Amino acid sequence: MTAHHTQLQYLPADLKRELLPKHVAVIMDGNGRWAKRQGLPRIIGHKHGVDALKDLLRCCKDWGIAALTAYAFSTENWKRPQEEVEFLMTLFQRVLRQELREMLEENVQIRFVGNLQALPRILQEEISRSMEETKDNRAIRFTVATNYGGRQEILQACRAIADQVKQGLLQPDEIDEATFERHLYTAGICDPDLLIRTSGEMRISNFLLWQMAYAEIYITDTLWPDFDRAEFHRALSAYQQRERRFGKV
Ligand code: FPP
């Protein structure tokens, strides 16, 4: 994040503050295609993707959105070419190291969710450090899903709960939504109100399966590196037109 604060930091006048989502989730799709279209290697698309994400984080903070969650790496992404996987791991680590100071200055709390133990050791260390140092920050909660899979998250919650039942600490009929949520990686973070997916794909792709139950979904054809404030403004306008009923009439 850089400190280029212009008039853009204010919420656009046509958006209603009281109808903003509290939590926005993004599936940042299309980095590879963005690069390919310009005859560049895929990894260059990921670099530009980082800039788009930093911009969105700053925008959410400026506009008073309390939480942003980004899908950076899925449990299926290991199947990509080895050099791309290695590039991404190094990129995450470098960006984290470079941005930590500014996250502290900007009062950003960063948190990683996913099967973090399977990540390279050096990245795990960077992750632990950034989570520890920003844990009391309150301007915005920024969650990065890395080596994340929604089904895996649900399974590990089931195992932890089953273990408590086995130990006699919990009765099966005591397992309710609140109990379950406490065992998800996202414990303590409210569910996303709005999911944005770029590059026109209409899939959830194993992202926050439990948490997404009532999220509004906004899909744009824009490729992730081109996702900017104007595009986010359109997503929020569309969200504010929706009538959210949560199953009621
Ligand atoms: C999807 O585009 C993008 C990814 C799998 C990686 C996203 C990661 C970042 C933008 C970096 C985030 C960095 C930090 C530190 C949180 P794609 O490669 O699937 O594009 P394609 O669909 O066009 O192939």
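Structure first, text after, so check above.
Criteria and cut-off values
Residues numbered from 1 in each chain as written. Predicted model: local features only at pLDDT ≥ 70, side-chain atom pairs only at ≥ 80, totals over all residues. Heavy atoms only, no water. Buried < 20%, exposed > 50% of the residue type's maximum accessible area, 1.4 Å probe, protein only. Helix = DSSP H or I, 4+ residues; strand = E, 2+ residues; numbered from the N terminus. Pairing = 2+ DSSP bridges. Core = buried A, V, L, I, M, F, W, Y, C linked by side-chain atoms within 4.5 Å. Contact = heavy atoms within 4.5 Å. Near = heavy atom within 4 Å. Polar contact = N/O pair within 3.5 Å; in protein donor to acceptor, adjacent residues only side chain to side chain. Areas by Shrake-Rupley, 256 points an atom, 1.4 Å probe, with all protein chains shown as cover. Nonpolar A, V, L, I, M, F, W, Y, C, P; charged D, E, K, R; others polar. Disulfide = S-S within 2.5 Å. Expected span 1.5 Å × (residues − 1). Arc of directions from axis to C-beta. Bend = angle between axes of the 7 residues up to and from the residue. Salt bridge = Lys/Arg side-chain N within 4 Å of Asp/Glu carboxyl O.

Enquirer: Describe in detail the pairing of strand β1 (residues 23–27), supporting the description with residues and values.
Expert: Where burial is concerned, most of β1 is hidden: five out of the five residues are buried. The side-chain alternation of β1 yields two buried faces, one formed by His 23, Ala 25 and Ile 27 and the other by Val 24 and Val 26. Here five bridges tie β1 to strand β2 (residues 67–74), and the two strands are oriented parallel to one another. Bridge pairing in β2 links Val 24 to Leu 68.

Enquirer: So what about the nonpolar core? Which residues, and what values?
Expert: One finds Leu 68, Phe 142, Ile 196 and Phe 232 to be the most contacted residues of the largest nonpolar core, which totals 48 residues. Among the elements that take part in this core, helix α3 (residues 82–105) stands out by supplying ten residues, more than any other. Setting aside anything within four residues of it in sequence, one finds Phe 142 in contact with Leu 53, Leu 57, Leu 68, Ala 70, Val 108, Gln 109, Ile 110 and Arg 111. Grouped together as the second largest cluster of nonpolar side chains are eleven residues, Tyr 71, Val 113, Tyr 148 and Leu 195 included.

Enquirer: Describe the site of the ligand, listing the residues and the values that go with them.
Expert: The immediate surroundings of the ligand are formed by 17 residues, with Met 28, Gly 32, Arg 33, Arg 42 and Arg 80 found nearest. The backbone of Arg 33 places a nitrogen or oxygen atom 2.7 Å from an oxygen atom of the ligand. Contact between the ligand and Arg 80: an oxygen atom at 2.7 Å from a side-chain N or O atom of the residue. Contact with the protein chains removes 91% of the 630 Å² of surface that the ligand exposes when unbound. Elements represented by at least two residues in the shell around the ligand include exactly α1 (31–37), α2 (42–63) and α3. Looking at which element gives the most residues to the shell around the ligand, the answer is α2, with five residues. In the shell around the ligand, the residues fall into seven nonpolar, six polar and four charged.

Enquirer: Residues and numbers for the state of the cysteines, please.
Expert: Counted under the stated rule, the structure contains zero disulfides. Of the cysteine sulfurs around Cys 190, a residue in no disulfide, the closest is that of Cys 60, at 12 Å. For Cys 190, a relative accessible area of 41% corresponds to the partly exposed category.

Enquirer: Explain helix α5 (residues 150–166) to me, using residue names and the numbers behind them.
Expert: An ideal rise of 1.5 Å per residue puts 24 Å on 17 residues; α5 measures up with 24 Å between its terminal C-alpha atoms. If you check which residues of α5 are buried, you get Gly 150, Glu 153, Ala 157 and Ile 161. Viewed along the axis of α5, the buried residues span an arc of 65 degrees, placing them on a single side of the element. In α5, the exposed residues that point more than 90 degrees away from the buried face are Arg 151, Arg 159 and Lys 166. A positive backbone phi angle near 80 degrees is found at Gly 168, which sits one or two residues after α5.

Enquirer: Got a sec to walk through α3? Specific residues and values, please.
Expert: In this model, α3 (24 residues) spans 35 Å end to end at C-alpha, consistent with the 34 Å of a helix rising 1.5 Å per residue. At Glu 99, α3 shows its largest kink, close to 45 degrees. Directly beyond the C-terminal end of α3, a positive phi value near 65 degrees is found at Asn 107.

Enquirer: An account of the pairing of β2 is needed here, citing residue identities and associated values.
Expert: Note on strand geometry: in a regular strand, side chains alternate between the two faces of the sheet. Counting buried residues along β2, eight of its eight residues qualify, which places the element largely inside the surrounding structure. As defined by bridge partners, β2 adjoins strand β4 (residues 140–148) across seven bridges and the pair is classed as parallel. Paired with Ala 67 across the two strands is Arg 141, which belongs to β4.

Enquirer: With reference to specific residues and values, describe the pattern of salt bridges.
Expert: Side chains that differ in charge, positive against negative, can pair when their charged atoms come close. Considering all chains together, one arrives at 20 salt bridges under this definition. Between Asp 55 and Arg 58 there is a salt bridge, with its nearest N and O atoms 2.9 Å apart. Of this pair, Asp 55 and Arg 58 both sit in helix α2, three residues apart, which is roughly one turn of the helix. Assessed through its relative accessible area of 9%, Arg 58 is described here as buried. Arg 244 is paired through a salt bridge with Glu 216; the nearest N and O atoms lie 3.7 Å apart. Placement of Arg 244 in the segment after α7 (229–241) and of Glu 216 in strand β6 (residues 216–219) is noted, with a sequence separation of 28 residues between them. A relative accessible area of 24% places Arg 244 in the partly exposed class. Judged by its relative accessible area of 14%, Glu 216 falls in the buried class.

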